[in-house]
Each structure stands twice: as structure tokens, then as C-alpha cells.
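Geometric and topological summary
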Amino acid sequence: MLEKVEALDLSKVIDEFEEMTRNAGEVQEKTLKDILEKNKSTFYLQKCGLNGSTDIDDFRAMVPLVTDHDMEPYVKRMVEGDKSPILTGLPVSAISLSSGTTQGRPKFIPFTDVLMENTLQLYRTAFAFRNREFPIGNGKALQFIFSSKQYISEGGVPVGTATTNVYRNPNFKAGIRSIRSMYCSPDEVIFSPDVHQALYCHLLCGILSRDEVQYVFAAFAHSLVHAFRTFEHVWEDIVADIREGVLSSRITVPSVRSAVSKLLRPNPGLANLIRTRCLNLSNWYGLIPALFPNAKYVYGIMTGSMEPYVNKLRHYAGDLPLISHDYGSSEGWIAANVTPRLPPEEAVFAVVPNFGYFEFIPVAQTGEEMPKPVGLTEVKVGEEYEILLTNYAGMYRYRLGDVVKVVGFYNRTPQLKFVCRKNLILSINIDKNTERDLQLSVEAAAKRLSVEKLEVIDFSSHVDVSTEPGHYIIFWEISGGTNKGVLQECCNVLDRSFLDAGYVSSRKTKSIGPLELRVVVKGTFKKIQEHYLGLGASAGQYKTPRCVKLSNKKVLQILCENVASRVFSTAFE
Ligand code: AMP
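The rules we used
- Starting from 1, residues in each chain are numbered consecutively following that chain's sequence as written.
- Where local features are concerned, this predicted model is filtered to residues with pLDDT of at least 70; where side-chain atom pairs are given and counted, the filter is 80 or more; whole-chain, interface and lining totals use all residues.
- The side-chain values count all of the structure's non-hydrogen atoms but skip hydrogen atoms and water molecules.
- Numbering of helices and strands runs from the N terminus; a helix is a DSSP stretch of H or I covering at least four residues, while a strand is a stretch of E covering at least two.
- Each residue is placed in one exposure class: buried if its accessible area under a 1.4 Å probe, protein chains only, is under 20% of its type's maximum, exposed if it is over 50%, and partly exposed if it falls in between.
- Contact criterion: two residues are considered in contact whenever any of their non-hydrogen atoms come within 4.5 Å of each other.
- Computed with the Shrake-Rupley method and a 1.4 Å probe, the accessible areas treat only the protein chains shown as cover for residues.
- Only four residue types enter the charge count: Lys and Arg as positive, Asp and Glu as negative, with His and the chain ends excluded.
- Think of each charge as sitting on NZ of Lys, CZ of Arg, CG of Asp or CD of Glu.
- Angles run from 0 to 180 degrees between N-to-C directions of axes, and those axes are lines fitted to C-alpha atoms, restricted for helices to the stretch in contact.
- Roughly parallel means an angle under 35 degrees; roughly antiparallel means over 145; roughly perpendicular covers 65 to 115; every other angle is labelled oblique.
- Should the near helix be turned anticlockwise from the far one by less than a right angle, the crossing is termed left-handed; should it be turned clockwise, right-handed.
- In this count, Pro and Cys sit with the nonpolar residues alongside Ala, Val, Leu, Ile, Met, Phe, Trp and Tyr, while Asp, Glu, Lys and Arg are called charged and the others, Gly among them, polar.
- We define a salt bridge as a contact between a side-chain nitrogen of Lys or Arg and a carboxyl oxygen of Asp or Glu at a distance within 4 Å.
- Whether two aromatic rings pair depends on their centres lying within 6.5 Å, for rings of Phe, Tyr and Trp, where Trp uses its six-membered ring; planes under 30 degrees apart make the pair stacked, over 60 edge-to-face, and the rest tilted.
- Pairing between strands is defined by DSSP: at least two bridges between the two strands are required.
- Both cavities and pockets are sets of points on a 1 Å grid over the protein atoms alone; in a cavity a 1.4 Å probe fits but cannot get out, in a pocket the set is open with protein on both sides within 12 Å along at least five of seven lines, and lining residues sit with an atom within 4 Å of a point.
- Grid points are joined across faces, edges and corners, and a volume is the space filled by probe spheres set on the points.
- Take the residue count of a helix, subtract one, and multiply by 1.5 Å to get its expected span.
- In this context, the arc is that of the directions from the helix axis out to the C-beta atoms.
- Nonpolar core, defined: a set of buried Ala, Val, Leu, Ile, Met, Phe, Trp, Tyr and Cys residues in which side-chain atoms within 4.5 Å join the residues together.
- Polar contacts here mean pairs of N or O atoms no more than 3.5 Å apart (in protein, one a potential hydrogen donor and the other a potential acceptor; neighbouring residues in sequence count only if both atoms are side-chain atoms).

1. Some details on the overall build of the protein chain
The secondary structure content of the protein chain amounts to 20 helices and 23 strands. The 573 residues of the protein chain split such that 57% are buried. Within the protein chain, counting contacts between residues at least 6 apart in sequence, those at least 24 apart form 69% of the total. On the protein chain, roughly 23,800 Å² of surface is accessible, and the fraction owed to carbon and sulfur atoms is 53%. Averaged over its 65 positive side-chain charges, the protein chain has a centre that lies 4 Å from the centre of its 64 negative ones.

2. Observations concerning the packing of helix α11 (residues 221-244) against helix α15 (residues 310-317)
Direction vectors running N to C along α11 and α15 enclose 50 degrees, while the axes themselves pass 9 Å from each other. Considered as vectors, α11 and α15 are oriented oblique to each other. Considering how the two elements wind past one another, α11 and α15 form a crossing that is left-handed. Between α11 and α15, the residues in contact are A221, L224, V225, F228, R229 and E232 and K312, L313 and Y316, respectively. Its residues placed into classes, the contact of α11 with α15 shows six nonpolar, no polar and three charged.

3. Here we look at the pattern of salt bridges
Inspection of every chain in the model, using the stated rule, returns 21 salt bridges. Notably, a salt bridge pairs R210 with D211, separated by 3.8 Å at the nearest N-O pair. Classification of R210 by relative accessible area gives buried; the value is 7%. According to the relative accessible area criterion, D211 is partly exposed, its value standing at 49%.

4. Details of the packing of aromatic side chains
All told, the structure shown has 24 aromatic pairs when counted by the stated rule. Pairing Y44 with Y396 gives two aromatic rings, centres 5.5 Å apart and planes at 15 degrees, and the pair type is stacked. Of this pair, Y44 sits in helix α3 (residues 43-48) while Y396 sits in strand β16 (residues 395-410), placing them 352 residues apart in sequence. In this structure, Y44 and Y396 share a single accessibility class: buried.

5. Things to note about the sheet that holds strand β6 (residues 182-183)
Taken together, the five strands give an open sheet; going across it, the order is β6-β3-β7-β8-β9, and neighbouring strands pair in parallel fashion. The open sheet terminates on both sides in strands that have one partner only, identified here as β6 and β9 (322-324). Together, β8 (297-301) and β9 form the strand contacts of α15, whose direction differs from that of β9 by roughly 140 degrees.

6. A word on empty space enclosed by the protein
With the rule as written, the count across this model stands at five cavities of 30 Å³ or more. Computed from the structure, the largest cavity encloses a volume of approximately 710 Å³. Forming the boundary of the largest cavity are 40 residues, of which F220, I301, G328, S329 and K543 lie nearest the centre. Per element, the largest residue contribution to the lining of the largest cavity is four residues, and it comes from helix α7 (residues 162-167). For the lining of the largest cavity, the class distribution of residues is 16 nonpolar, 17 polar and seven charged. Here the second largest cavity defines a volume of roughly 150 Å³. If you trace the second largest cavity, you find 13 residues lining it, with V195, L199, H226, Q529 and A539 closest to the centre. Going through the elements one at a time, α10 (195-208), α11 and α19 (524-534) are the ones with two or more residues in the lining of the second largest cavity. It is α19 that contributes the most residues to the lining of the second largest cavity, four residues altogether. When the residues that make up the lining of the second largest cavity are grouped by side-chain class, the tally is six nonpolar, five polar and two charged.

7. A look at helix α2 (residues 24-38)
With 15 residues, α2 extends 21 Å between its outermost C-alpha atoms, agreeing within 8% with the 21 Å of an ideal straight helix rising 1.5 Å per residue. Along α2, the residues that are buried comprise A24, V27, Q28, T31, L32, I35 and L36. Burial along α2 is one-sided: seen end-on, the buried residues are contained in an arc of 160 degrees. Seen from the buried face of α2, the exposed residues on the opposite side, beyond 90 degrees, are E26 and K30.

8. Observations concerning the pairing of strand β17 (residues 413-421)
Most of β17 is tucked away: eight of the nine residues are buried. For strand β12 (residues 349-351) and β17, the ladder comprises two bridges, and the chain directions are antiparallel. In the strand pairing of β17, A350 is matched with Q415. Pairing between β16 and β17: eight bridges, direction antiparallel.

9. Notes on the sheet that holds strand β2 (residues 107-112)
Taken together, the four strands give an open sheet; going across it, the order is β2-β1-β5-β4, and neighbouring strands pair in mixed fashion. Edge positions in the sheet fall to β2 and β4 (151-152), since each has one partner strand and no second. In the packing of helix α5 (residues 68-79) onto the sheet, contacts are made with β1 (92-98) and β2, and the angle to β2 comes to roughly 60 degrees. Along the sheet, helix α6 (residues 113-133) makes contact with β1 and β2, crossing β2 at roughly 80 degrees.

10. Examining the environment of L533
If you trace the backbone, L533 turns up in helix α19. Residues L533 and D194, spaced 339 residues apart in sequence, show a C-alpha to C-alpha distance of 9.9 Å. In this structure L533 touches V195, S538 and A539, once residues within four positions along its chain are discounted.

11. A closer look at the nonpolar core
Grouped together as the largest cluster of nonpolar side chains are 148 residues, with contacts concentrated most on F144, F228, F231, F292 and Y327. Ranked by the residues each element gives to this core, the list is headed by α11, at 11 residues. In this view, F228 contacts F144, L203, V216, L287, I288, L291, F292 and Y316; residues no more than four positions away in its chain are not counted. Listed in part, the 28 residues of the second largest apolar core include L454, V463, I478 and L517.

12. Structural notes on the side chain of E477
In this structure, E477 sits in strand β21 (residues 471-478). The buried charged residue E477 lacks any salt bridge, with K522 as its nearest oppositely charged partner at 6.9 Å. A polar side-chain atom of E477 sits 2.9 Å from the main-chain amide nitrogen of G523. In contact with E477, not counting residues within four places along its chain, are E455, V456, I457, D458, V520, V521, K522, G523, T524 and F525.

13. Some thoughts on the pairing of strand β7 (residues 213-220)
When you tally the buried positions in β7, you get eight out of eight residues, the bulk of the element. Of the strand pairs in this sheet, strand β3 (residues 140-143) and β7 are connected by four bridges, and their pairing is parallel. Bridging across to β7, K140 finds its partner in V213. Bridge analysis of β7 against β8 gives four bridges, and the strand direction is parallel. Bridged to V216 within β8 is V298.

Written out as C-alpha cells, the structure reads:
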């Protein structure tokens with residue numbers, strides 16, 4: 001009976017999405033009008049001179065395109081406790097602290113109840129489509145979710161990462177029960193102040209419910225890989241806990257200890273089974289299905305800056321499908337994955353037209369003036385665009401900083417492929433390299449490393465202009481030792497794989513010096529993550545900074561202090 005009700009609801013969710021996307025243009029107009037109506041008395045829209053107008057042409061003519069920098073003074077006032085309608089007329093229940101994506105600079109963003117509703121709508125939609133392809137019944141899910149602490153700003157406003165604000169929202173629990181499968185871990189684990197202890201307990205609780213686990217989830221592929229890498233180190237302790245029915249002494253947070261201990265009974269049968277399964281694996285290939293025999297898929301963001309972790313995840317997942325999680329940001333959700341069968345490399349996201357008003361700036365060729373933004377239904381298949389967000393959280397024509405490619409339409413809403421963050425991360429003079437360029441270059445060089453059966457665990461970069469000429473430094477953490485000859489070859493491939501004409505010509509004329517590859521000792525990137533967690537980042541939302549600026553002294557120091565070997569490219573000699 002229960003299943004019947006669920007199936008009925010899910011098909012209704014799909015029908016609603018179909019209807020909305022068939023009328024994407026109308027829904028966009030209605031959404032913009034509604035946003036402008038609800039926020040017409042805000043300081044910001046008044047200042048733009050909209051004067052209560054909800055007309056699209058007025059909006060486009062009067063509201064400027066902005067970046068997070070432009071919004072900072074307004075959000076700062078909110079953090080300081082100014083309750084007047086600054087950016088939004090809706091109550092701001094909290095402020096989100098975004099990861100600042102991969103640039104390592106956190107941003108503050110207003111969090112409203114509409115964002116919470118959008119989150120639930122998104123989860124419902126994605127789940128309905130996923131469940132149609134991979135039905136999971138009423139089982140559980142092993143979800144690596146971590147709610148970092150909210151703190152109260154001096155102005156009395158709760159501040160936390162977006163995921164924390166979602167998990168701590170009173171509507172979350174009620175809303176989520178009907179959508180997502182039950183977690184394996186008790187709430188105390190999710191809200192644990194210590195993320196290492198939380199991770200250990202998530203793994204342990206997952207195994208205790210192993211037969212019921214229907215899928216494995218973390219927001220980002222990086223967290224999934226990190227979880228199973230950790231398992232490789234702690235599995236014997238987990239097996240011992242299960243055998244004895246006593247939780248490892250490493251779990252010291254009283255609430256977590258008490259909640260997880262209640263789930264444990266001595267279970268030598270399960271302990272032996274897990275032990276045998278682990279010992280029978282070759283290099284941990286297929287670990288996830290070995291632990292969770294009824295799992296149907298592995299779920300998380302696997303696109304964009306998460307691509308470098310997909311191979312490792314596939315290794316752990318064996319034959320299980322990898323399903324890409326949807327596309328959004330702390331500022332607001334954008335698009336849902338309604339085609340879950342596509343592998344991560346081909347994943348596309350259908351824009352959800354009632355989440356906000358979306359505009360798209362065609363990506364300009366070098367030297368061209370910035371083209372005018374176009375509306376959701378005006379985009380062209382095959383073109384790349386930068387996304388502009390206008391939503392209920394007080395973002396108006398906000399440049400999110402992401403570049404997407406329109407690969408088709410789902411009904412009348414565009415289907416996007418995530419391309420990259422727009423910001424240049426590596427640039428000395430006329431060279432222009434984005435995070436994506438760095439990623440491709442690392443991918444190419446990692447192929448040489450894989451011949452030695454080694455992999456790049458994580459990477460970052462830095463522009464060093466302290467010497468003349470300046471040069472790029474790439475930091476690598478790799479899975480084992482290798483000789484200088486191999487590193488030299490990798491370094492040359494890295495250098496040659498930046499195909500940007502500015503870079504290549506500057507290297508040839510020696511106005512950019514030879515690229516330097518610095519291999520850091522194992523655990524260095526974990527130290528960087530811990531540094532960010534200490535600053536309030538959430539373990540679930542963490543992204544490795546792909547370029548470390550001079551101003552990010554601490555992270556640069558961690559990288560530089562842990563260098564095990566370094567080579568300079570000889571590629572352009
Ligand atoms: P945050 O600022 O921590 O909320 O991160 C938001 C950013 O993460 C987005 O602007 C994207 O750059 C990236 N992101 C989110 N979802 C995806 C996705 N499905 N694929 C690729 N990148 C994503």
C-alpha cells in the first residue's frame with residue numbers, strides 16, 4: 001500500500017515538471033513578476049529605480065549585472081543584524097557561507113524559506129526521475145552528510161554553510177522523509193561537531209544496515225572518494241566494533257557515542273562477512289557493492305571540479321551506475337538531473353523554470369565586447385553561456401561565475417552541461433587559463449602516471465611571480481612514490497597541455513618561465529581540508545582550492561612546507 005502511494009506521488013511530480021517545462025517561457029515571466037512584486041519595497045530594487053515595476057523590460061533596463069563583490073556590502077548589513085528589507089522583502093532565516101567554490105574565498109548569501117522550498121522541490125523532482133529508472137522501494141541510503149555548526153553573527157543572525165542551513169531547517173526533516181530514503185545514521189552523527197568521527201560512524205552505521213542500503217550518496221564525488229579511502233584505513237576497527245558490539249574509543253563525542261552504541265550488538269557473523277569481503281577485493285575494486293549488496297547506484301555531484309574524482313569513484317563502485325547530482329549553488333538551485341542514466345561524463349541538467357529568472361550571457365570571444373544576456377527560451381543549442389541568477393533570495397542579475405553549454409531542450413527548458421567556473425585562475429601576462437584548462441592539463445599528465453599504476457589524489461596550482469619571469473606551479477599529491485624521470489615527463493606534459501595561445505607564445509618567448517611540478521607528501525590535501533573545516537566550511541560542501549593566491553598564506557604555506565620533490569619543465573627548451 002505504502003509503495004502505491006509513493007508511486008502515485010512520484011508520477012505526479014514528474015507530470016508537474018513536464019507541465020512546467022512545456023511552459024518554460026511563461027513560467028519564467030511569472031516567476032520574475034512574482035520576485036519583483038514580493039521585493040518591490042527592498043532598498044536594492046528601489047535604488048535601481050524600478051519604483052515597484054514588475055515589467056521585464058524595465059527590469060532589464062534598470063537592474064545592473066552584478067558579481068558577489070557588488071553584493072557584499074548589502075549582505076554585510078544583513079549579517080550585522082539590519083532587519084530592513086535590503087535585498088529581499090522575505091524573512092531571511094539565516095545567512096549561507098558558500099565554499100566560494102574552488103577559489104577559496106568564502107561568500108555570504110541570504111538564505112530564505114523559498115530556498116528551502118526549492119531544495120525540497122529539487123530533491124523531489126530528481127528523486128522521481130531517478131526512481132523511475134532505478135526503483136529503490138523503501139530501503140535506506142548511506143548518506144555522507146555533515147552539518148557543520150551554525151554560529152550567530154554579532155547582529156544575531158544564524159550563519160552556516162548552505163547545506164547546514166538546509167539540514168537545520170525545521171521543514172527539512174518533514175519534507176525529506178517522503179523524498180529521500182531513511183538515513184542509516186542517527187541525527188547525532190549528522191550533527192557531530194567532529195567530522196572525522198561522523199565519517200567513521202556513517203561508514204559503521206551503513207554497514208550495520210548493509211542489506212537495506214539502496215544507494216550511497218554524498219553531495220560531492222570528492223566526499224565519496226574520501227569516505228571510501230578512509231574506509232581502507234579504518235575497516236579493521238569497524239569490523240572489530242561489529243564483532244565485539246562496542247564502539248571504538250576513537251568516538252569521543254558523547255552524543256554520537258551514545259546514539260551509535262545503541263545500534264551495536266556483538267555480531268561476529270557480520271564481522272566475519274565484512275572481513276572476508278574486504279580481503280577478497282583486489283585493490284578495493286568494487287568495494288561499494290561488496291559492502292552493500294543491494295545498492296542500485298552511487299549518487300553525488302560528479303561534474304565540473306568533481307570530474308577528477310570520477311575514475312577513483314568508479315573503481316570503488318565497480319558495476320554500479322554513477323548518477324550525477326543536480327546543479328545548484330548556495331545562491332540558489334538551477335537545474336535538475338532528469339536523465340539519470342547518463343554517465344557523469346555526459347550528465348546534463350534541465351533548468352527548473354520556477355526557481356528563479358535565468359538569463360544567459362553568450363561567452364564572448366577574446367577581444368569581443370560582452371554580448372547582451374538572453375532569456376531562458378532564447379538560448380541556442382551548442383552555445384556556451386555564463387549564467388545570471390535572479391531569485392527569491394535577493395539575487396538580481398547575479399553573475400554566478402559558471403559557464404554552461406546548452407546541449408538540448410527538455411520540452412522548452414534548456415538542458416545544460418556544466419563547463420567550468422568562468423574565473424581565470426592562472427594568468428601572468430597575456431595567458432588566460434581557467435580551472436577547466438588546469439583540469440585538462442592535469443588529466444593529460446596523469447595518464448603518464450597511470451602507466452606506473454599511480455594516480456593523482458588531488459591537485460592545486462599557484463602563479464609564482466616572485467621570480468622573473470613568473471611561472472606556474474602545479475602541486476600534486478600522488479598515490480605512491482616514483483622517480484624523477486617520470487615526474488619530469490609528467491611536468492613536460494602539464495606544460496605542453498596548456499593550449500591557450502597566450503600561454504604557448506609566452507613560454508616560447510620565455511616571458512613565462514618553465515612550469516614547475518611540486519609533489520607534496522601524502523596527507524597534504526587532507527591538511528588543507530582540515531584548515532578550511534576549521535574556518536567553518538562544511539565537510540559535505542568542501543571543494544579543493546584549485547588555485548592558491550599569495551593572499552591565501554596559510555594554504556600556500558601548507559603546500560610549500562610539504563613538498564617532497566620538484567621538477568621544472570623542459571618542454572619548451
Ligand atoms: P557553493 O558556492 O559551495 O554553493 O558551490 C556552488 C558551485 O558549485 C556552483 O556555482 C558550481 O560551480 C559548482 N556546482 C554545483 N553543482 C554542480 C554540478 N552539478 N556540476 C558541476 N559543478 C557544480
